[in-house]
Amino acid sequence: MYSWNEEEKAEEERRTHVISLESAVVQWDTRRPFNTLMKEEKLYAHFLSRAAWYGALLIPVQTSPESPAIFALLHDMFRSNTIPVVREIAADYCFFWEEDFQELLVYTCGIFTNGGNYLGYGDTKFLPGLSLQKMNSLLIHENVKFNGLGRRNARDIWGAVKYKVYSLEEREKQLGLGQQGVTTYFSPNCTPKDAALVSRFMMAYQIDPLNTRVFKVDPNTNPTFDRTKRWRNMPVLPILMKKPFPPDTRYEVLCS
């Protein structure tokens, strides 16, 4: 059991991983400069922004396992419900104080800005400032619409990641390789030595590491291989490693 001292220390550390309510949200009015552009320039700017948006959807996948889920949930919730409607449901049915709702908005902005639940500068995990109980009660409430995901699917997605969203285990505090942090580029059983070996291979064949996922396949860790089946619709480049690489070990590089 925790002592009061330990609980206070844990809460103090948790708060260091919460984005401050004092953080500014800046809205840029681009109408005037946009209207000074020629027709072709407007079209270029428009399609460039659309390409940037669709390309940015890859970032949560590259950040952490739970990032795509929380990004999709919050994005769909605020597309399907206006902010005043979400605020009313939160206050009337989910016991939100106004500060709780502001914490929700700040966390949502953090997810959208950073493309996931790790800071783009610093690579440290940030948590919602409101309690898990209140976040849960809002996301599963019957009056909250999820027009894109569907309510049942949204509940299932949230149920699968909610504890990860709030978890702050030592390894989860920052992005990194192996036991030093969280990464979606390498399977958890990959070491820095493995990463160096595969990186040399990819450089030799001019494969961009930013568009790959590496899974270390070992006869003793079959579940690692099973995870690759989720990517069966993507081209897979199996690399059979021989000496001086570890025997009975194979690395699979998934190229997106």
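The following paragraphs examine the structure supplied in this document. These figures come from a predicted structure and were not determined experimentally.

## Points about a negative patch on the surface
A cluster of acidic residues, E6, E7, E8 and E12, forms a negative patch on the protein surface. Inspection of the secondary structure assignment puts E6 in helix α1 (residues 4–15). When its relative accessible area of 41% is taken as the criterion, E6 is described as partly exposed.

## Observations concerning the packing of aromatic side chains
According to the stated counting rule, one finds three aromatic pairs in the structure shown. Measuring from ring centre to ring centre gives 5.3 Å for F71 and F112, while their planes differ by 65 degrees; the resulting arrangement is edge-to-face. On the criterion of sequence distance, the pair formed by F71 in helix α5 (residues 67–80) and F112 in helix α7 (residues 98–114) is long-range, its members being 41 residues apart. Overall, F112 belongs to the partly exposed group, its relative accessible area being 34%. A ring pair is formed by Y107 and F126, whose centres lie 5.6 Å apart and whose planes are at 65 degrees; its orientation type is edge-to-face. With a gap of 19 residues between them, Y107 in helix α7 and F126 in the loop between α7 and α8 (132–139) connect regions that are remote in the sequence. In this pair, the class of Y107 matches that of F126, namely buried.

## Thoughts on the nonpolar core
With 30 residues, the main nonpolar core has M77, F96, L104, Y107, M135, L138 and W158 as its most contacted residues. Elements represented by at least two residues in this core include exactly α5, α6 (83–93), α7, α8 and α9 (151–166). In terms of residue count, α5 provides more of this core than any other element does, seven residues in total.

What counts as what
- Residues numbered from 1 in each chain as written.
- Predicted model: local features only at pLDDT ≥ 70, side-chain atom pairs only at ≥ 80, totals over all residues.
- Heavy atoms only, no water.
- Patch = residues over 30% accessible without salt bridge, like charges linked within 9 Å, V, L, I, M, F, W, Y side chains within 5 Å.
- Areas by Shrake-Rupley, 256 points an atom, 1.4 Å probe, with all protein chains shown as cover.
- Salt bridge = Lys/Arg side-chain N within 4 Å of Asp/Glu carboxyl O.
- Lys, Arg positive; Asp, Glu negative; His and termini not counted.
- Charge placed at Lys NZ, Arg CZ, Asp CG, Glu CD.
- Helix = DSSP H or I, 4+ residues; strand = E, 2+ residues; numbered from the N terminus.
- Buried < 20%, exposed > 50% of the residue type's maximum accessible area, 1.4 Å probe, protein only.
- Phe/Tyr/Trp six-rings, centres within 6.5 Å; stacked < 30°, edge-to-face > 60°.
- Core = buried A, V, L, I, M, F, W, Y, C linked by side-chain atoms within 4.5 Å.

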